[in-house]
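# Overview (structure and organization)
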Amino acid sequence: MKIGIVGDTHGSQKAFAIISKVFRDVQLLFHTGDHWQDAVYLEKTMGIPVITVKGNCDFAARENEVLLTVENKSFFLTHGHLYEVKYGLTSLQFRAEELGAEYCLFGHTHSPMILENKGVWFLNPGSLAWPRGKEIYAGIMMEYDQNCFESCFMI
């Protein structure tokens with residue numbers, strides 16, 4: 001199984017075009033928020049399930065967090081602003097551990113990250129629309145192999 005992670009798209013048509021091309025072979029897409037309506041658009045145009053959460057730039061009713069299991073692995077999806085991720089991962093780490101999550105997917109910082117800490121994988125796809133830093137990616141690809149997900153950035 002292949003999973004894509006994107007976020008902080010902020011309504012960018014250019015981002016939609018790149019995401020649709022890069023993640024055309026995935027079976028599931030996660031969107032980390034900020035313009036969660038973009039996830040609805042991607043779901044319709046790509047024809048795959050897209051799971052999303054509310055970000056700090058979203059004002060309509062939507063979940064702030066989603067916890068689900070994929071291939072017997074626990075995923076925690078949140079935008080990150082409620083956990084002050086711009087100042088570190090401590091609060092997010094506590095929440096992920098509290099939920100028993102193996103993978104914590106978040107955005108908000110617009111900076112890409114793949115990091116393991118104390119048994120939790122933290123994955124942030126960054127932002128195609130408003131990137132911060134020199135590294136700009138379409139998102140993160142996760143591929144299930146031998147009872148775990150391998151993750152890498154996609155250009």
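Presented here is an overview of the structure given in this document. Just so it is clear, the model here is predicted, and its values are computed rather than measured.

Within the secondary structure layout, Tyr-87 lies in the loop between β5 (73–78) and α3 (90–99). A residue is classified by how much of its surface remains accessible, and Tyr-87, at 74% relative accessible area, is exposed. In the structure, Tyr-87 is positioned 33 residues away from Lys-54 in sequence and 20 Å away in space, judged by C-alpha atoms.

We now examine α3. What α3 keeps buried is the set Leu-92, Gln-93 and Ala-96. Along the long axis of α3, the arc covered by the buried residues comes to 100°, so they all point the same way. Away from the buried face of α3 by more than 90 degrees, exposed residues Thr-90, Phe-94 and Glu-98 are located. Buried residues belonging to α3 abut β5, β6 (103–105), β7 (113–117) and β8 (120–124). Looking at the residues trailing α3, positive phi occurs at Gly-100, about 75°.

Bridging between β7 and β8 involves five bridges; their strand directions are antiparallel. Note that in β8 the partner of Met-113 across the bridge is Asn-124. With antiparallel pairing between neighbouring strands as the criterion, β7 and β8 make up a hairpin whose turn holds two residues, including Lys-118 at a positive phi of roughly 50°.

With that settled, consider the environment of Ala-96. Considering the arrangement of structural elements, one finds Ala-96 in helix α3. Residue classification places Ala-96 among the buried positions, given a relative accessible area of 0%. Sequence separation of Ala-96 and Phe-76 is 20 residues, and the distance between their C-alpha atoms is 6.8 Å. Beyond its immediate chain neighbours, meaning those up to four positions away, Ala-96 contacts Phe-76, Ala-101, Cys-104 and Val-120.

Here the structure, examined in full by the defined rule, presents four salt bridges. Across the pair Lys-73 and Glu-102 runs a salt bridge, and its minimum N-O distance is 3.7 Å. Taken as a pair, Lys-73 in strand β5 and Glu-102 in the loop between α3 and β6 lie far apart in primary sequence, 29 residues in all. With a relative accessible area of 11%, Lys-73 lands in the buried category. Here Arg-95 makes a salt bridge to Glu-98, at a shortest N to O gap of 2.5 Å. Of the two residues, Arg-95 and Glu-98 both sit in helix α3, three residues apart, roughly one turn of that helix.

So, how was this worked out
Residues numbered from 1 in each chain as written. Predicted model: local features only at pLDDT ≥ 70, side-chain atom pairs only at ≥ 80, totals over all residues. Heavy atoms only, no water. Helix = DSSP H or I, 4+ residues; strand = E, 2+ residues; numbered from the N terminus. Buried < 20%, exposed > 50% of the residue type's maximum accessible area, 1.4 Å probe, protein only. Arc of directions from axis to C-beta. Contact = heavy atoms within 4.5 Å. Pairing = 2+ DSSP bridges. Salt bridge = Lys/Arg side-chain N within 4 Å of Asp/Glu carboxyl O.

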